[in-house]
Structure formats: structure tokens, C-alpha cells
Amino acid sequence: VGAEMENYSKTHKINKTVPIQNGMIFDYEGMEQIWGEAAGFASLSPSLDNYVLMTLHPRCCFESRETKQAIVKTMFENFNFSGAFVISRAQATLYGAGKSTGL
């Protein structure tokens, strides 16, 4: 993909946007495009049980509940996921080690 983009950029103007700044999402439409391209989310069938686990940047862990709800709403409405789980990286590390607390 990198070489293809490099060749494409020689003949076409590319508008690059960065939807995330300092670990926080500022452009939800841009993020939606990235999520759609990242794993082919758009091709998921709504009849299948598809779940997503998303981790947040450490700076976002104390972000508002509305932000987390907006992420989950996008996953349900636009990508037809059956379930979503949004956690901090620290929680994901604990669960990966088979623990539920860091004590």
C-alpha cells in the first residue's frame, strides 16, 4: 500500500487529515473511514455475530462517557457489530493476563 500511495501521490493531489490528536478523536467522520478501511468493517454481514474490542489511549481513559458512547454508537450503527467493549489499555493488559484487578 505504501508504494502504491507514493506512486499515486506523484500524479494526484492527496488531502491528508489526521482525525486523532494527542490520543483524542477530533474528527469522527475521518475515524469512521479509518475504521472502515482497517479491517474491512464495511463488508461485515449484519446476520453474523460480530464483536469489537477497542482500547483507549491512556489520555482518553478519563474522557467523557459521551465520547465512549459515540464510539460504540458508530460501531453498532455503521458497522453492524453485535457488541462492543471499550476499555483502557491497562484493563486489556490485565484481562490478557487472566486477572480482573491489578492488586
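Just so we're clear, the structure is a prediction, and the values are computed from it rather than from any experiment.

**Q** Hey, could you go over the overall build of the chain for me, with residue numbers and the actual values?
**A** The helix and strand tally for the chain stands at 4 helices and 4 strands. Shown N-terminal to C-terminal, the secondary structure of the chain runs as helices and strands in the order α-β-β-α-β-α-β-α. Counting all 103 residues of the chain, 23% fall into the buried class. Sequence separation of at least 24 residues holds for 62% of the intrachain contacts in the chain that already meet a minimum separation of 6. As displayed, the chain offers around 7900 Å² of accessible surface, 53% of which is attributable to carbon and sulfur atoms.

**Q** Requested: an account of a nonpolar patch on the surface, with residues and values cited.
**A** On the surface, Leu 53, Phe 85 and Tyr 95 cluster together to form a nonpolar patch covering roughly 320 Å² of accessible area. Tracing the backbone shows Leu 53 in strand E3 (residues 51-56). The class for Leu 53 is exposed, based on a relative accessible area of 53%.

**Q** Lay out the confidence of the model for the chain in plain terms, naming residues and giving numbers.
**A** In this model, the chain carries a mean pLDDT of 77, and residues with pLDDT of at least 70 account for 82%. The secondary structure element of the chain with the lowest average pLDDT is helix H1 (residues 2-11), at 73, and the one with the highest is helix H4 (residues 89-96), at 86.

**Q** Kindly report on the environment of Asn 80, identifying the contributing residues and their values.
**A** With respect to the secondary-structure elements, Asn 80 resides in the loop between helix H3 (65-79) and strand E4 (83-88). According to the relative accessible area criterion, Asn 80 is partly exposed, its value standing at 32%. Distance in space between the C-alpha atoms of Asn 80 and Asp 49 is 9.2 Å, their sequence separation being 31 residues.

**Q** I'd like a description of the nonpolar core, backed by residues and values.
**A** In terms of nonpolar packing, the biggest core is built from 10 residues, these being Ile 25, Met 31, Trp 35, Val 52, Met 54, Leu 56, Ile 71, Met 75, Phe 79 and Phe 81. For this core, the secondary-structure elements that each account for two or more residues are helix H2 (28-38), E3 and H3.

**Q** Give me the environment of Gly 83: which residues, what numbers.
**A** You can see Gly 83 is positioned in strand E4. In this structure Gly 83 comes out as buried when scored by relative accessible area, which is 12%. In this structure the C-alpha to C-alpha distance between Gly 83 and Val 72, which are 11 residues apart in sequence, comes to 8.6 Å.

What counts, and where the lines are drawn
- Residues numbered from 1 in each chain as written.
- Predicted model: local features only at pLDDT ≥ 70, side-chain atom pairs only at ≥ 80, totals over all residues.
- Heavy atoms only, no water.
- Helix = DSSP H or I, 4+ residues; strand = E, 2+ residues; numbered from the N terminus.
- Buried < 20%, exposed > 50% of the residue type's maximum accessible area, 1.4 Å probe, protein only.
- Contact = heavy atoms within 4.5 Å.
- Areas by Shrake-Rupley, 256 points an atom, 1.4 Å probe, with all protein chains shown as cover.
- Patch = residues over 30% accessible without salt bridge, like charges linked within 9 Å, V, L, I, M, F, W, Y side chains within 5 Å.
- Salt bridge = Lys/Arg side-chain N within 4 Å of Asp/Glu carboxyl O.
- pLDDT = per-residue confidence, 0-100.
- Core = buried A, V, L, I, M, F, W, Y, C linked by side-chain atoms within 4.5 Å.

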